[in-house]
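Reading the structure
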Amino acid sequence: MFKRAIVRKPSKNFQDGITKSNLGKPIYNKALKQHSNYVKVLDNCGLEIIKLNADDRFPDSTFVEDTAIVNEEFAIITNIGTLSRKGEEVEIKQVLEMFYDNIESIKKPGTVDGGDVLKVENCYYIGLSKRTNKEGARQLIEVLRKYGYSYVTIPLTNVLHLKSGVSYIGDNNLIAAGEFIDNLNFIGYNIIKVKENEKYAANSVKINNYVLIPKGFEKLKESILSLGYKIIEIEMSEFRKLDGGLSCLSLRF
Ligand code: CIR
């Protein structure tokens, strides 16, 4: 069970965040509204919410998931693999120090984005991407081994982050889109296949008794409901315009 989550309000220059999508500029006020609804949902899932103030130095800083990897035992401060986001992790580290005795960090030339790291029970899947390089993965693996976790590295082809295309919702169920549907590394899991036109929703997250999915993806919603899960849908349109998925908006631990 997760007890708490760290979130950060979108900054005023949020619309200057990095994007490869062609969905237009996000509307700031709408993003604020969607963000506060997201926070309310986390609260309804039973989490204590640690809310950080907006940080106008970093347009992408609302995507806190990329700054750290957290579980019940340790926190790893990442070194985000894109220049404009370097420094976002500083305040996150200060907050995590209040909760963790074991804090590790990825150091340059290693880079890791938290969005590339998917925990499935005691195994970590690590996406090798434009953001997470081999040296970052090597340092991460060193930490995982120290704490007794297993790991698998997966080179990415089309997605920004590993978790843009695959999520784990417990009970051996993986939600997967595109390049991850037939990925040999995921043999043995029950794969909930996401259709191409719903691939944004492959980034979903299970928090305690609920699976949180972005709003408007009916086929995936039906598949998850048919497995007996309780679902909460969240409007994510403004974050999607910056390639941000649902998991990216929080660090849960
Ligand atoms: C970026 O490109 O870094 C942001 N615009 C989106 C980050 C999304 N984070 C994530 O998938 N974990």
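Residues numbered from 1 in each chain as written. Predicted model: local features only at pLDDT ≥ 70, side-chain atom pairs only at ≥ 80, totals over all residues. Heavy atoms only, no water.

Some details on the overall build of the chain
- Tallying secondary structure elements over the chain gives five helices and 15 strands in all.
- Its C-alpha atoms give the chain a radius of gyration of 17 Å, within 12% of the compact-globule value 18 Å for 253 residues.
- Across the chain, the fraction of contacts at a sequence separation of at least 24, relative to all contacts at a separation of at least 6, is 68%.
- Summed over its atoms, the accessible surface of the chain is roughly 11800 Å², and 49% of this surface lies on carbon and sulfur atoms.
- With 36 positive and 32 negative side-chain charges, the chain shows a spacing of 2 Å between the two charge centroids. (Helix = DSSP H or I, 4+ residues; strand = E, 2+ residues; numbered from the N terminus. Rg over C-alpha atoms; globule rule 2.2 N^0.38 Å. Contact = heavy atoms within 4.5 Å. Areas by Shrake-Rupley, 256 points an atom, 1.4 Å probe, with all protein chains shown as cover. Lys, Arg positive; Asp, Glu negative; His and termini not counted. Charge placed at Lys NZ, Arg CZ, Asp CG, Glu CD.)

Side note on the pattern of salt bridges
- Within this structure, the stated rule accounts for 17 salt bridges.
- Across the salt bridge formed by Arg57 and Asp55, the nearest N and O atoms sit 2.7 Å from each other. (Salt bridge = Lys/Arg side-chain N within 4 Å of Asp/Glu carboxyl O.)

Examining the pairing of strand E8 (residues 150-155)
- Bridging between strand E7 (residues 123-128) and E8 involves six bridges; their strand directions are parallel. By the bridge assignment, Cys123 is partnered in E8 with Ser150.
- The β-α-β motif built from E7, the intervening helix H3 (residues 134-146) and the parallel element E8 has right-handed crossover chirality. (Pairing = 2+ DSSP bridges. Right-handed = clockwise from strand over helix to strand, strands pointing away.)

Let's talk about unusual backbone geometry
- Geometrically, the link from Lys108 to Pro109 is a cis peptide bond, its omega value of 10° lying close to zero.
- With respect to the element layout, Pro109 can be found in the loop between strand E5 (103-105) and strand E6 (117-120).
- Positive phi values are uncommon outside glycine, yet Glu121 reaches one of about 55°.
- Assessed through its relative accessible area of 48%, Glu121 is described here as partly exposed.
- Its identity is not glycine, yet Asn172 carries a phi of approximately 70°, on the positive side.
- Within the secondary structure, Asn172 sits in the loop between strand E9 (166-168) and strand E10 (173-177).
- Judged by its relative accessible area of 33%, Asn172 falls in the partly exposed class. (Buried < 20%, exposed > 50% of the residue type's maximum accessible area, 1.4 Å probe, protein only.)

Notes on the nonpolar core
- Formed by 38 residues in total, the largest nonpolar core has its most connected members in Leu42, Ile175, Leu212 and Ile224.
- Where this core is concerned, the elements lending two or more residues are strand E1 (4-8), helix H1 (28-44), E10, strand E11 (190-194), strand E12 (205-207), strand E13 (210-214), helix H4 (218-226) and strand E14 (230-234).
- Ranked by residue count, the leading element in this core is H1, at five residues.
- Discounting residues that sit within four places of it in the chain, Leu212 has contacts with Val41, Leu42, Cys45, Ser204, Val205, Ile207, Ile232, Ile234 and Leu246.
- The next biggest cluster of nonpolar side chains, apart from the first, holds 16 residues, and it includes Ile69, Leu128, Ile141 and Leu144. (Core = buried A, V, L, I, M, F, W, Y, C linked by side-chain atoms within 4.5 Å.)

Some points on the packing of aromatic side chains
- As enumerated under the stated definition, the model contains 14 aromatic pairs in all.
- Arranged with centres 6.3 Å apart and planes meeting at 85°, the rings of Phe63 and Phe239 form a pair that is edge-to-face. Pair noted here: Phe63 is in the loop between strand E2 (48-52) and strand E3 (68-70) and Phe239 is in helix H5 (residues 237-240), with a separation of 176 residues, a long-range link. Comparing Phe63 with Phe239 shows no difference in burial state: the two are buried.
- Note on Phe180 and Phe186: the rings are 6.4 Å apart at their centroids and 65° apart in plane angle, and the pair reads as edge-to-face. The same class applies to Phe180 as to Phe186, namely buried.
- Through successive ring pairs, a cluster of aromatic residues spans Tyr125, Tyr168, Phe180, Phe186 and Tyr189. (Phe/Tyr/Trp six-rings, centres within 6.5 Å; stacked < 30°, edge-to-face > 60°.)

Points about the site of the ligand
- Taken together, 14 residues lie around the ligand, and Ile18, Asp60, Arg85, Leu242 and Cys248 are the ones closest in.
- His161 has a polar side-chain atom sitting 2.8 Å from an oxygen atom of the ligand.
- Residue Leu242 places a main-chain N or O atom 2.7 Å away from a nitrogen atom belonging to the ligand. (Near = heavy atom within 4 Å. Polar contact = N/O pair within 3.5 Å; in protein donor to acceptor, adjacent residues only side chain to side chain.)

Brief notes about the sheet that holds E7
- Spatial ordering of the open sheet is given by E6-E7-E8, a layout of three strands whose pairing is mixed. Whereas interior strands pair on both sides, the edge strands pair on one side only; in this sheet they are E6 and E8. Going from strand to strand, the sheet's axes swing by 20° on average, the running direction of each strand aside.
- As paired elements, E6 and E7 share four bridges and run antiparallel to each other. Bridge pairing in E7 links Lys119 to Tyr124. (Axes fitted to C-alpha atoms, helices over the stretch in contact; angles between N-to-C directions.)

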